[in-house]
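Tertiary structure, described
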Amino acid sequence: MAVEQPTARGAEQTRIHNIGYRSYDGPRLGRAYARRSLYSQSLRGAYGLGRSVKSKVLPMLLFVVMCVPALIMVAVAVATKAKDLPVEYTRYAIIMQAVIGLYVASQAPQSVSRDLRFKTVPLYFSRPIETTDYVRAKYAALASAMFILTAAPLLVLYVGALLAKLDFAHQTKGFAEGLVSVALLSLLFSGISLVIAAATPRRGFGIAAVIAVLTISYGAVSTIQAIAHVHSGDSTALVWMGLFSPVTLIDGVQTAFLGASSSYPGGQGPSSAQGVVFVLVVLGLIAGSYGLLMRRYRKAGL
């Protein structure tokens, strides 16, 4: 309500205007609800849900591309009555790492760059939501989207293996190991990609930078490993080189602890002792990515 003050012409000209302000009498849902809403909205956005048709094309296409080879493998196993699947559960994500890298490179900037570009981050923090809530929701949403992308084809392989009447215990063990592997991969790739994307409000720059970090590092490490294998044959140096690429890091962890066959030249992966270092590096990168995101958004929210 607004009241006009009396003027010199007289108090009879005073008017009361109803300008529509009303108090809110509903429930106060608080930070937890805001955090869940941000997580849900970000997860849906990672697959273009609730957005334009154009925004759905790439993530849905990449999801299909991830699952089609698994369907083909299952069809071959069923038709030929094979005794095992043509690829291990833990190997599937490594084989398809180019598709995974393209997906996370396209969706990490979509998740955070627009908020920075259009300066909407302070609006989030004007509500009962803090920096930790924003970072956790965004990180968890992208990691969940990545897990869906990488676990779905493993589920296709597992169901197909059971339909082909392959050994239940062996397939269940392999499926569980594959899920652990892709869970670590999802956390690692999401953290690195979000840190890179949060460094620039330009989505195009973010996409290019994420692709460069994931792809160039893998290509460089694989090339150096191949050269070292051919010229020196030093398996120890070859293994330690795997610490310098996210893909080879995950490969090393699953080779050491999840019974996977290594994609390193010569098939020589880390031992259990070396694998401990690989696990610590992976966990350190995940924690470091979270810490860098917290630092970035403390400044962005000002």
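Remember, it's a predicted structure, so these values are computed and weren't measured experimentally.

Overview of the overall build of the protein
When helices and strands are tallied, the protein shows 11 helices and two strands. The linear arrangement of helices and strands in the protein, starting from the amino end, is β-β-α-α-α-α-α-α-α-α-α-α-α. In terms of overall size, the protein is more extended than a compact globule, its C-alpha atoms giving a radius of gyration of 25 Å where 302 residues would be expected to give roughly 19 Å. The C-alpha extent of the protein, read off along each of the three principal axes, is 100 × 45 × 30 Å. Looking at the protein residue by residue over its 302 residues, the buried ones come to 43%. In the protein, once contacts between residues fewer than 6 apart in sequence are set aside, the share between residues at least 24 apart is 73%. In the form shown here, the protein has an accessible surface area of approximately 15900 Å², with 65% of it arising from carbon and sulfur atoms. With 28 positive and 12 negative side-chain charges, the protein shows a separation of 8 Å between the mean positions of the two kinds.

Digging into the pattern of salt bridges
Under the counting rule described, the total for this entry stands at six salt bridges. Taking the shortest distance from any N to any O, the salt bridge between Glu130 and Arg31 comes out at 3.7 Å. Taken together, the residues span a long stretch of sequence, with Glu130 in the loop between helix 5 (121–125) and helix 6 (131–163) and Arg31 in helix 1 (residues 30–45) at a distance of 99 residues. Taking relative accessible area as the criterion, Glu130 reaches 44% and is therefore assigned partly exposed.

A look at helix 10 (residues 246–257)
An ideal rise of 1.5 Å per residue puts 16 Å on 12 residues; helix 10 measures up with 17 Å between its terminal C-alpha atoms. Across the 12 residues of helix 10, 11 count as buried, placing the element largely inside the fold.

Topic: the nonpolar core
Of all hydrophobic cores here, the largest spans 68 residues; its most connected members are Tyr89, Tyr92, Ile100, Tyr103, Leu157, Phe189 and Tyr297. Ranked by the residues each element gives to this core, the list is headed by helix 6, at 14 residues.

Observations concerning the packing of helix 8 (residues 203–231) against helix 10
Packed helices, taken two at a time, are described by their axes: the angle between them and the distance between them. Between helix 8 and helix 10, the least distance of the axes is 7 Å, while the angle of their chain directions is 60°. Taken together, the axes of helix 8 and helix 10 lie oblique to each other. Contacts between helix 8 and helix 10 involve Leu214, Ser217, Tyr218, Val221 and Gln225 on the former and, on the latter, Pro246, Val247 and Thr248. Per-class residue counts for the contact of helix 8 with helix 10 are five nonpolar, three polar and no charged.

Some thoughts on the packing of aromatic side chains
Inspection of the entire model under this criterion finds six aromatic pairs. When the ring of Tyr47 is compared with that of Tyr103, the centres are 5.5 Å apart and the planes differ by 35°; the resulting orientation is tilted. Here the residue Tyr47 occupies a position in the loop between helix 1 and helix 2 (53–80), and Tyr103 occupies one in helix 4 (residues 97–117), the gap between them amounting to 56 residues. The same class applies to Tyr47 as to Tyr103, namely buried. Each residue in the set Tyr47, Phe63 and Tyr103 is aromatic and connected to the rest through ring pairs, giving one cluster.

Basis of the calculations
Residues numbered from 1 in each chain as written. Predicted model: local features only at pLDDT ≥ 70, side-chain atom pairs only at ≥ 80, totals over all residues. Heavy atoms only, no water. Helix = DSSP H or I, 4+ residues; strand = E, 2+ residues; numbered from the N terminus. Rg over C-alpha atoms; globule rule 2.2 N^0.38 Å. Buried < 20%, exposed > 50% of the residue type's maximum accessible area, 1.4 Å probe, protein only. Contact = heavy atoms within 4.5 Å. Areas by Shrake-Rupley, 256 points an atom, 1.4 Å probe, with all protein chains shown as cover. Lys, Arg positive; Asp, Glu negative; His and termini not counted. Charge placed at Lys NZ, Arg CZ, Asp CG, Glu CD. Salt bridge = Lys/Arg side-chain N within 4 Å of Asp/Glu carboxyl O. Expected span 1.5 Å × (residues − 1). Core = buried A, V, L, I, M, F, W, Y, C linked by side-chain atoms within 4.5 Å. Axes fitted to C-alpha atoms, helices over the stretch in contact; angles between N-to-C directions. Parallel < 35°, antiparallel > 145°, perpendicular 65-115°, else oblique. Nonpolar A, V, L, I, M, F, W, Y, C, P; charged D, E, K, R; others polar. Phe/Tyr/Trp six-rings, centres within 6.5 Å; stacked < 30°, edge-to-face > 60°.

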